Amino acid sequence: MRCKIPSIVGLALAAVVLTAAAPAPKELSGKLEMFSWWTAGGEADGLNAMYALYRKANPKVEIINATVAGGAGTNAKAVLSTRLTGGDPPDSFQLHAGLEVEKYEPQKFLQPLDGLYTSEGWTKVFPKDLIALLKYKDHFWGVPVNIHRANVLWYNRKVFDDNGLKPPTTWTEFFKSSDALKAKGIVPLVIGTKEGWEAGHTFETILASVLGPNGYKGLWAGTTPWTAPKVTDALNTFKRLMTYANTDYAALTWSDAAQYLVDGKGGMHIMGDWTDGWFTSKNYTGYGWAPVPGSQGTFDALSDSFAATKGAKDQANLMAWLKLAGSKAGQEAFNPKKGSICARTDCDPKLFNAYLQSAMKDWSTNAIVPSVAHGAAAVEKWATVYKDILNAFATRGDVAAAQKALQQACVDNEVCK
Ligand code: GAL
């Protein structure tokens, strides 16, 4: 006699059989080598938070945290190039979204990540402008983990309150506040130019302020001439600003300079919002922030992404890393510590501090311009010349020579005639 199994039991049995038959996901093992310049403060804290998630999901994978210290990747990028061309690539590395990728000859040394963008649905969760920035020669070469803002003026709230000052909104106000602070023996503007990129960083925020978002973007696209009187104004503003700076600037890094603010010896600092992560890592809460004077409504942006090398030794582990970097959980773990906002649009704002919540708001409402000091606006060889010109200018202050050199750099890169 045939025994008739009630359909519900039948279904349950089928489910058991199916579950048993489905191959268990293969547990990953071996190594994952990830290369970056995040060695300290909020930068290392953010990276470690993502590593912790990765280790939890893949306890048998050993993470090799390959780092070369130096802000903006000054030292790391050279080491990375040597490793890529020498056939010894890490699995993944930190890469700015934008034209920086050209430096690494992506078609030769990197894996296009278009398939991952499709399978993970990333074209829907990253904003349009960012997607456009990430595409180079029609492919995606990196997975963005964040958005940073370059044009922030940080200030010591107590120093400002004690002197009856408000964050300046124009350069005239900036120099007036600077005079007041100087008279009290406080360094008005703290800056460190030791690593060679910081003057270029500061100046691009002045350019964005003086030329406005479209004028600034035009400098990198050949539609705003570098010979324009407003570029002269911007150089003069930067020159004047340096007269209010700490005299030891050439010996300090950006974070050494930020320490002046923490110690109450400095009033203001122009730097990207990794400073917010650095302050947080120091448990320092006495800072305020504002857009660089005159750049209200403009968001000078950059994004850190992770690339996949062609010769990666640990392919499956690498893909698991990239998926984590692009995920909501990964970005929510990384960014509040790093001092950046998510590249994704669906992160929970409640996980972020007041500064970062204000950055989220500005990112969705401001005019976005690409940072040159951090890989977005120009190819690396142009950005490098630009940074060198400004680094020399910070000390020499020769406006005409700097403007001429900037114009020539644009010609040499075939963007200007
Ligand atoms: C930028 C990078 C940031 C931060 C900063 C200072 O180029 O995108 O994540 O590391 O340099 O080092």
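This text gives an overview of the structure that appears in the document. (Residues numbered from 1 in each chain as written. Predicted model: local features only at pLDDT ≥ 70, side-chain atom pairs only at ≥ 80, totals over all residues. Heavy atoms only, no water.)

1. Let's talk about the overall build of the protein
Secondary structure assignment for the protein yields 18 helices and 15 strands. In terms of overall dimensions, the protein is globule-like: its C-alpha atoms have a radius of gyration of 24 Å, near the 22 Å expected for 417 residues. Dimensions along the principal axes, computed over C-alpha positions, put the protein at roughly 100 × 50 × 35 Å. Taking contacts inside the protein between residues at least 6 apart in sequence as the whole, the part at least 24 apart equals 77%. With an accessible surface of roughly 17800 Å², the protein has 56% of that area assigned to carbon and sulfur atoms. Looking at charge distribution, the protein has the averaged site of its 43 positive side-chain charges lying 4 Å from that of its 39 negative ones. (Helix = DSSP H or I, 4+ residues; strand = E, 2+ residues; numbered from the N terminus. Rg over C-alpha atoms; globule rule 2.2 N^0.38 Å. Contact = heavy atoms within 4.5 Å. Areas by Shrake-Rupley, 256 points an atom, 1.4 Å probe, with all protein chains shown as cover. Lys, Arg positive; Asp, Glu negative; His and termini not counted. Charge placed at Lys NZ, Arg CZ, Asp CG, Glu CD.)

2. Structural notes on the environment of Ser36
Mapped onto the secondary structure, Ser36 falls in strand 1 (residues 30-36). Not counting residues up to four positions away in its chain, the partners in contact with Ser36 are Leu47, Ala66, Thr67, Val68 and Gln94. Within the structure, the side chain of Ser36 is placed 3.1 Å from the backbone nitrogen of Trp38, a separation counted as a polar contact. (Polar contact = N/O pair within 3.5 Å; in protein donor to acceptor, adjacent residues only side chain to side chain.)

3. Brief notes about helix 15 (residues 328-338)
Buried within helix 15 are the following residues: Gly330, Gln331, Glu332, Phe334, Asn335, Pro336 and Lys338. Gly339 sits one or two positions beyond helix 15 and adopts a positive phi of about 85°. (Buried < 20%, exposed > 50% of the residue type's maximum accessible area, 1.4 Å probe, protein only.)

4. Notes on the pairing of strand 1
Here strand 1 lies mainly inside the structure; 5 of its 7 residues are buried. Across 7 bridges, the pairing between strand 1 and strand 2 (residues 61-67) is parallel. Within strand 2, the position partnered with Glu33 by the bridge is Ile64. The handedness of the strand 1 to strand 2 crossover, carried by helix 2 (residues 41-57), is right-handed. (Pairing = 2+ DSSP bridges. Right-handed = clockwise from strand over helix to strand, strands pointing away.)

5. A closer look at the site of the ligand
The immediate surroundings of the ligand are formed by 13 residues, with Glu43, His96, Asp304, Lys338 and His374 found nearest. Interatomic distance of 3.1 Å between a side-chain N/O atom of Trp37 and an oxygen atom of the ligand. His96 places a polar side-chain atom, nitrogen or oxygen, 2.7 Å from an oxygen atom of the ligand. In the complex, the protein chains occlude 99% of the 300 Å² of accessible area that the ligand would expose alone. (Near = heavy atom within 4 Å.)

6. Re the packing of helix 2 against helix 13 (residues 274-281)
Their axes nearest at 6 Å, the elements helix 2 and helix 13 cross at an angle of 90°. Of the possible angle classes, the one that applies to helix 2 and helix 13 is roughly perpendicular. For the pair helix 2 and helix 13, contact is made by Gly41, Gly42, Glu43 and Asp45 and by Trp274, Gly277, Trp278 and Ser281, respectively. Each residue belonging to the contact of helix 2 with helix 13 can be placed in one class, and the counts come to 2 nonpolar, 4 polar and 2 charged. (Axes fitted to C-alpha atoms, helices over the stretch in contact; angles between N-to-C directions. Parallel < 35°, antiparallel > 145°, perpendicular 65-115°, else oblique. Nonpolar A, V, L, I, M, F, W, Y, C, P; charged D, E, K, R; others polar.)

7. A look at the state of the cysteines
If you walk through the whole model with that rule in mind, you get 2 disulfides. Sulfur-sulfur distance for the disulfide between Cys342 and Cys347 comes to 2.2 Å. Between Cys342 and Cys347, the disulfide has an S-S torsion of -95° and is therefore left-handed. Each of the two residues, Cys342 as well as Cys347, counts as buried. The side chain of Cys410 participates in a disulfide bridge whose partner is Cys416; the two sulfur atoms lie 1.8 Å from each other. Here the S-S torsion is close to 75°, and the disulfide linking Cys410 with Cys416 is therefore right-handed. For the pair formed by Cys410 and Cys416, the shared burial category is buried. Bonded cysteines in the protein are paired 1-2, 3-4 when counted in the order they occur along the chain. (Disulfide = S-S within 2.5 Å.)

8. Observations concerning the sheet that holds strand 8 (residues 152-156)
The sheet built from 4 strands is open, its strands ordered 9-10-8-11 with mixed pairing. Each edge of the open sheet is held by one strand with a lone partner, namely strand 9 (187-190) and strand 11 (287-291). Between one strand axis and the next, the sheet turns by 20° as a mean value, whatever way the strands run. The pairing of strand 8 with strand 10 (residues 266-271) spans 4 bridges and is classified as antiparallel. Bridge pairing in strand 10 places Trp154 opposite His269.

9. Brief notes about the sheet that holds strand 15 (residues 367-370)
What links the strands of a sheet is backbone hydrogen bonding, and the strands pair in either a parallel or an antiparallel sense. Spatially, the 4 strands line up as an open sheet ordered 14-7-12-15, and their pairing is mixed. What marks the edges here is a single partner per strand, and that holds for strand 14 (341-342) and strand 15. The pairing of strand 12 (residues 298-302) with strand 15 spans 4 bridges and is classified as parallel. The residue of strand 15 that forms the bridge with Asp300 is Val369.

10. Remarks on the side chain of Ser209
Within the fold, Ser209 resides in helix 10 (residues 198-221). Residue classification places Ser209 among the buried residues on the basis of a relative accessible area of 12%. At 2.8 Å, the side chain of Ser209 forms a polar contact with the backbone oxygen of Pro293. Residues within four places of Ser209 in sequence aside, it is in contact with Trp171, Pro293, Gly294 and Ser295.

11. Some thoughts on the pattern of salt bridges
Side chains that differ in sign of charge can pair as their charged atoms come close. With the rule as written, the count across this model stands at 13 salt bridges. Measuring nitrogen to oxygen at the nearest pair gives 3.0 Å for the salt bridge that ties Glu27 to Lys60. Of the two residues, Glu27 is situated in the loop between helix 1 (7-21) and strand 1 and Lys60 in the loop between helix 2 and strand 2; the sequence distance between them amounts to 33 residues. In this structure Glu27 comes out as partly exposed when scored by relative accessible area, which is 42%. On the basis of relative accessible area, Lys60 is assigned to the exposed category, the value being 53%. Between Asp362 and Arg149 there is a salt bridge, with its nearest N and O atoms 2.8 Å apart. Residue Asp362 is located in helix 16 (residues 354-365), and its partner Arg149 is located in strand 7 (residues 146-149); the two are separated by 213 residues in the primary sequence. Through salt bridges with shared partners, a single ionic network connects Glu33, Arg83, Asp88 and Lys313. (Salt bridge = Lys/Arg side-chain N within 4 Å of Asp/Glu carboxyl O.)

Shape descriptors only; they carry no functional weight alone.
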